Structures are given as structure tokens and as C-alpha cells.
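# Commentary on secondary and tertiary structure
Each chain is listed here by its residues.
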Amino acid sequence: MIGLVKRIMKVLLIIVVVILVLGLGGLGFLRTARFGRAPRGEILKRIEASPHYRDGRFHNFVPRLSRSPDTSHRMMAKVENLRPKDALPAKPIDLFALNREDDVLVWLGHSSLFIQVNGVRFLVDPALVSGSPVFFINRPYPATRNYLPEDIPEIDYLLISHDHFDHLDYNTIKRLRDRIGKVVCGLGTGEHFRRWKFADEDIIELDWNEKAELLNDITIHTLTARHYSGRASFGVDNTLWVSFMIEAPQAAIYISGDTSYGPHFAEIGRRFDIDLAIIEFGQYNEAWRDSHIMPEEITLVIDDLGAKRNLTTHHARFVLARHPWYEPLEFVAGLREQEGYDIITPMMGELVYLTDFSQEFGKWWKNEE
């Protein structure tokens, strides 16, 4: 009973703080740099010409149902192991010391990834400082602060799947600014970077099923996802959410971005021979079925893509949904052991060699290496 009262008081406190923020100059707060900026000018003309844009917003191929998320009971309900009790194990390495010729991937927690292939460095959806514009929402697990912006070397391409705060963190970008070469993102998302003083020539904005030629014979494709976007109430779905395919001579790497299950996975699987599929799997509940992959759907996703190896992300940094923090990892480990799915589970900081399929990874969330 005492625990329930504490949770109710916490929710009420958050509500009171939000009301105070909105009442005391809230409009000015929403106009601060951390929220970015709505598309305008030439990019808005491109957006309006997109076949996926109408009535002032982007639309999924398979519409998201109009759901009224019943989250009140989830805010009140007690969930065991919502956050880790102890420091999470990790294998932090010095990314600056990596040989550029090594084709490797390093998971940085949640959806943040460092990828190096054919001498080109990518950083994906970095939320290394916070996952929210305010301190009391989406606070990262203190134990997972293994990598900060200062730990990231110069990046050739920053990939942003969509503009939600747990994938595009302003404080991370601000501290990385001088080490980012070019940004690749969906239509409209580049406007945030323009506000943050990035030059037009350093922003590559693409629609679904478009591509760009990058350094060293690498092609980047922006592909379909089923999600939504927005960094403030005045900008819902005005920027495009995407998935990525990095086609390099050594490997084809698919990055799903936030998405729910849909026919786009089978289409992508037919179109590409995927070496590694990085799939967002975590922070799910029934109310978000149209936005995130549910546990009963992850095998459908893997089967549709047909990748040689799979890596799941979107866990082990923030509490967004009320399930045990380790549940997605335990679920996919069961699929690997019981059904033979090739799913790898590296701990944060652990080097994944993109062309070495013999690597094995333990159940680090159980302290088993």
C-alpha cells in the first residue's frame, strides 16, 4: 500500500511540474533549441511533394490505429526489476584507438550504435546524455553511462531514424557538433540540425526508398518503418521516420529504427541480402502495438528479413514501458536457445566483428559471459 501511494505521489508531482512549466513561460520553453524546429522553406516543398505526406503530416503505409493508450494503470502498477538494481556489466573500449580498417559495431545502450565499415564511421541515434528535454522524464540508468559524447571519435555520418528524444538528444548533438561530418535522416528531420547551426551541405534528407552514395563505395538507403515523429505538440508527424540499410562491400547492415511489425519487413527482406539486422525490440506494451514490436512478433520480423545475424536494441538505458528491464534480452536469448535463431547479445562496449560469424555472446544481464 505504501508503495502504491509513493507511485501515485510521483505521478502527481510530475503532473504538477509539467503544469508549472507550461504555465510559467511554457511557450517560451517549447521554443528553446532542444526542441528543434518545424520544417520550412525548400525542405517543406520537398515534404509536400512526398507521396507519403498529406493533410499536413506523414502517413504510414499501414495506418496506425487510433488508440487511446491506457497508461494510468501502468504508472501505478508495481513492476519488479523495472530498473537494474546493480551496475550493468560492460566492456567499454577506447573508440579513438580503433583501427579504421576494422569492420566493427559497438552497442552504446538503447538504440545508440557506433559502426565502422570499410573505413567509414557511423553513429546511429545517439542519446548519450538524456532521453528527454526535461530532467525528470526518461532518466537513463546511472550504471549505463559508459559512453558520453566526449568518448566518440570523429564521425563521418550521423544516422537519425526519427526525431523522438530517446533517438535524437540535443545535448548529445551539441557536445558532438565538431566531430560530425554529415547527417543522414528522413525528410524534415534535418530542420532540427539547421537550427543547431549545421550547414545545408552537411545534411542528407531522404524519403522512403531513396538512397545516397557515401564514401568508400558505401550506399545508404532510407527505407520504410511504421512509427510516428514529433518533438513538441505543434510538430506531430511533420518529419519522416525511417529505417536504414548500409550497403558496404563487406556487409549489408539493416537498422530498423523504431517501428511496429508490418509488411515492410518482408519487402525489405526480399530486396536485400542482409548480413546483420539491428531490430528495435524493447519498451513495448499493448497500447504501443502500432509503434513498437511486440514479443510475439519478433520471430515474424526475423523470418521476414532473413538476415544472417540479428541484434536487438531499444533496451538497457531508459524506462519507457513497464516491463522488467532485462525482459527483451531474456526473450531473444530463449529464441536462440530453443528455436535456433541467430541472435547476438553483446554487452555495451563489446566489439562485434561484422564479418566474423563465429563470435559468441553470453547472458551478460545475468552476469554470464
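The following refers to the structure shown. (Residues numbered from 1 in each chain as written. Predicted model: local features only at pLDDT ≥ 70, side-chain atom pairs only at ≥ 80, totals over all residues. Heavy atoms only, no water.)

So, on to the sheet that holds strand β10 (residues 219-223). The mixed open sheet is built from 7 strands, whose spatial order is β9-β10-β11-β12-β13-β14-β15. Looking at which strands have only one partner, the edges of the open sheet turn out to be β9 (210-213) and β15 (343-344). One ladder, built from 5 bridges, connects β10 with strand β11 (residues 243-247); its direction is antiparallel. Among the inter-strand pairings, T219 is bridged to a residue of β11, identified as E247. Against the sheet, helix α8 (residues 298-305) engages β12 (252-255), β13 (276-280), β14 (309-313) and β15, with an angle of about 150 degrees to β13. (Pairing = 2+ DSSP bridges. Helix = DSSP H or I, 4+ residues; strand = E, 2+ residues; numbered from the N terminus. Contact = heavy atoms within 4.5 Å. Axes fitted to C-alpha atoms, helices over the stretch in contact; angles between N-to-C directions.)

Glancing now at the packing of helix α7 (residues 264-271) against α8. Where α7 meets α8, the closest approach of the two axes is 7 Å, and the angle between their N-to-C directions is 25 degrees. Taken as axis vectors, α7 and α8 run roughly parallel relative to one another. When α7 is examined against α8, the residues F265, A266, I268 and G269 are found in contact with a partner set consisting of V301, D304 and L305. Here the residues of the contact of α7 with α8 sort into 5 nonpolar, 1 polar and 1 charged. (Parallel < 35°, antiparallel > 145°, perpendicular 65-115°, else oblique. Nonpolar A, V, L, I, M, F, W, Y, C, P; charged D, E, K, R; others polar.)

Inspection of every chain in the model, using the stated rule, returns 19 salt bridges. The shortest N-O distance in the salt bridge between K308 and D273 comes to 3.0 Å. Remark: D273 occurs in the loop between α7 and β13 and K308 occurs in the loop between α8 and β14; sequence separation between them is 35 residues. For D273, a relative accessible area of 58% corresponds to the exposed category. Two residues, E286 and R289, come together in a salt bridge whose shortest N-O distance is 3.0 Å. (Salt bridge = Lys/Arg side-chain N within 4 Å of Asp/Glu carboxyl O. Buried < 20%, exposed > 50% of the residue type's maximum accessible area, 1.4 Å probe, protein only.)

The end-to-end C-alpha distance of helix α9 (residues 327-339) is 18 Å, a good match for the 18 Å that 13 residues give at a rise of 1.5 Å each. Restricting attention to buried positions, one finds in α9 the residues P328, L329, V332, A333, G334 and L335. Residues of α9 that are buried make contact with α8, β14 and β15. Positive phi appears at G340, one or two residues downstream of α9, with a value of about 80 degrees. (Expected span 1.5 Å × (residues − 1).)

None of this, on its own, says anything about what the molecule does.
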